[in-house]
Amino acid sequence: MMRRVRILSVVGARPQFVKLAPIAAAVTAAGHEHVIVHTGQHYDPELSDVFFSGLGIPRPDEQLHPVFPDGHGVVDGRSGSGSGHGVQTGAMLAALDPILAKYAPDRVLVYGDTNSTIAGALSAVKLHLPLAHLEAGLRSFNRRMPEEHNRVLTDHAADLLLAPTAQAVEHLEREGLGERTVLVGDVMVDACIRARDLAAGSLEAPAPGVDPARPYLVATIHRAENTDDRARLASIIDALAGLPVPVALLAHPRLRARAAEHGIELDRGSLHAGAPMPYARMVAALSRSAGVVTDSGGLQKEAYILARPCTTVRTETEWPETLKDGWNVLAEPAAADFSRIATRPGPARPPGRPFGDGETATRVVSELERAARSR
Ligand code: UD1
């Protein structure tokens, strides 16, 4: 009989909770042991707790509360990257070391590209624990993004690279990492399809003041490159407020904080600011929308899976597959045709299936099992 494998997942930020949900279910279904460690990077209930309860993820076995040595950047007694990436990542790393040593798992699994990912990766390799990276091989080739440092460094540290797309495999091969790479598909498809089926039929306002029965767009903006510079953020918010359809802006705390700091009003013109939504409700709001405007990687893909036209407020994307046929378009908010792009109808040709079949989590668990056995 197959030995029970102990897998330790390190998660900390919203998109990681979404990816964790199908993985947690598949690990349990395969009869393996799963230790869930929450780094504390996202601590607001609307970015964290509602994902665990709404997605049926078991409570974390370990909830960390990293403390910064200088107390700088602490929000409500807790941490945020207001104090800098080094401080945030370092605090999480210090908190992770004893936990990873205590469980000594067969595999540490890290997700995506956040500061929690690189903290988990560093802790694992320093403790000589085998490391697997889910969503390996994505590249924006924009070295100004914190996520780009996190993904490149994590890929080079990991023993097993679980790639979501053929393009990601190509990137890894080009960096000499082909032998450690397996194409498994994208676990977000598993999560998105499940949520879509669960939420079918619900008719809820996506933000206060937005009629769900009439055409509307869903918008999210949270990336450092878009929020931290006043002029950049102002031009994005102006462009959204000037669109000819109501826009439900699901406002991340980082966006709210920077907008308040820069004196930018979020609730004006076509813009209706609301809170971030739990995953299944967000997927329901998305599937009824006329389209999406975002800088989130996850939303670009969810829009594609749900066949909604997406406008991405960035100069590049880690998900070039979504650009095919015009389902996703990269657009500058200051451009004269921004409004036309953001309100365009969906292309005639339906989206393809470059992200896999929705059975990725099961494949991930088989790969982890195989890797643990061959050690
Ligand atoms: C992080 C990830 C980003 C991911 C995003 C999803 C990094 C470098 N970035 O960005 O890749 O797309 O999560 O949401 O890891 N804050 C709160 N409450 C919270 C969390 C954050 O108020 O629960 C505020 C804090 O003031 C903090 C700021 O938001 O300084 C930014 O948070 P942080 O976790 O550093 O990055 P995100 O912008 O959420």
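Scroll up to find the structure this text is about.
Residues numbered from 1 in each chain as written. Predicted model: local features only at pLDDT ≥ 70, side-chain atom pairs only at ≥ 80, totals over all residues. Heavy atoms only, no water.

A. Broad picture of the overall build of the chain. Within the chain, the regular secondary structure consists of 14 helices and 13 strands. Since a compact globule built from 375 residues should have a radius of gyration of about 21 Å, the 20 Å found for the chain is in line with a globular shape. On the principal axes, the C-alpha backbone points of the chain span a range of 60 × 50 × 40 Å. Burial analysis of the chain (375 residues in total) assigns 57% to the buried set. Across the chain, the fraction of contacts at a sequence separation of at least 24, relative to all contacts at a separation of at least 6, is 68%. Element-wise, carbon and sulfur atoms account for 54% of the exposed surface of the chain, whose accessible area totals about 15,200 Å². Taking the average place of the 40 positive charges on the side chains of the chain and the average place of its 44 negative ones, the gap between the two points comes to 2 Å. (Helix = DSSP H or I, 4+ residues; strand = E, 2+ residues; numbered from the N terminus. Rg over C-alpha atoms; globule rule 2.2 N^0.38 Å. Buried < 20%, exposed > 50% of the residue type's maximum accessible area, 1.4 Å probe, protein only. Contact = heavy atoms within 4.5 Å. Areas by Shrake-Rupley, 256 points an atom, 1.4 Å probe, with all protein chains shown as cover. Lys, Arg positive; Asp, Glu negative; His and termini not counted. Charge placed at Lys NZ, Arg CZ, Asp CG, Glu CD.)

B. Broad picture of the packing of helix α1 (residues 14–29) against helix α14 (residues 360–373). Closest axis-to-axis distance for the α1/α14 pair is 8 Å, and the angle between their directions is 55°. When the axes of α1 and α14 are compared, the pair comes out oblique. By crossing handedness, the relation of α1 to α14 is classed as right-handed. On the side of α1, the interface is formed by Pro22, Ile23, Ala26 and Val27, while α14 contributes Ala361, Thr362, Val364 and Val365. In the contact of α1 with α14, the residues fall into 7 nonpolar, 1 polar and no charged. (Axes fitted to C-alpha atoms, helices over the stretch in contact; angles between N-to-C directions. Parallel < 35°, antiparallel > 145°, perpendicular 65-115°, else oblique. Left-handed = near helix turned anticlockwise from the far one by under 90°. Nonpolar A, V, L, I, M, F, W, Y, C, P; charged D, E, K, R; others polar.)

C. Local environment of the sheet that holds strand β8 (residues 217–220). Spatially, 6 strands are ordered β10-β9-β8-β11-β12-β13 in an open sheet, and the strand pairing comes out parallel. Each end of this open sheet is capped by a strand with a single partner; those strands are β10 (271–274) and β13 (328–330). Averaged over all adjacent pairs, the angle separating strand axes in this sheet is 20°, with direction ignored. Sheet analysis places strand β9 (residues 247–250) next to β10, joined by 4 bridges and oriented parallel. (Pairing = 2+ DSSP bridges.)

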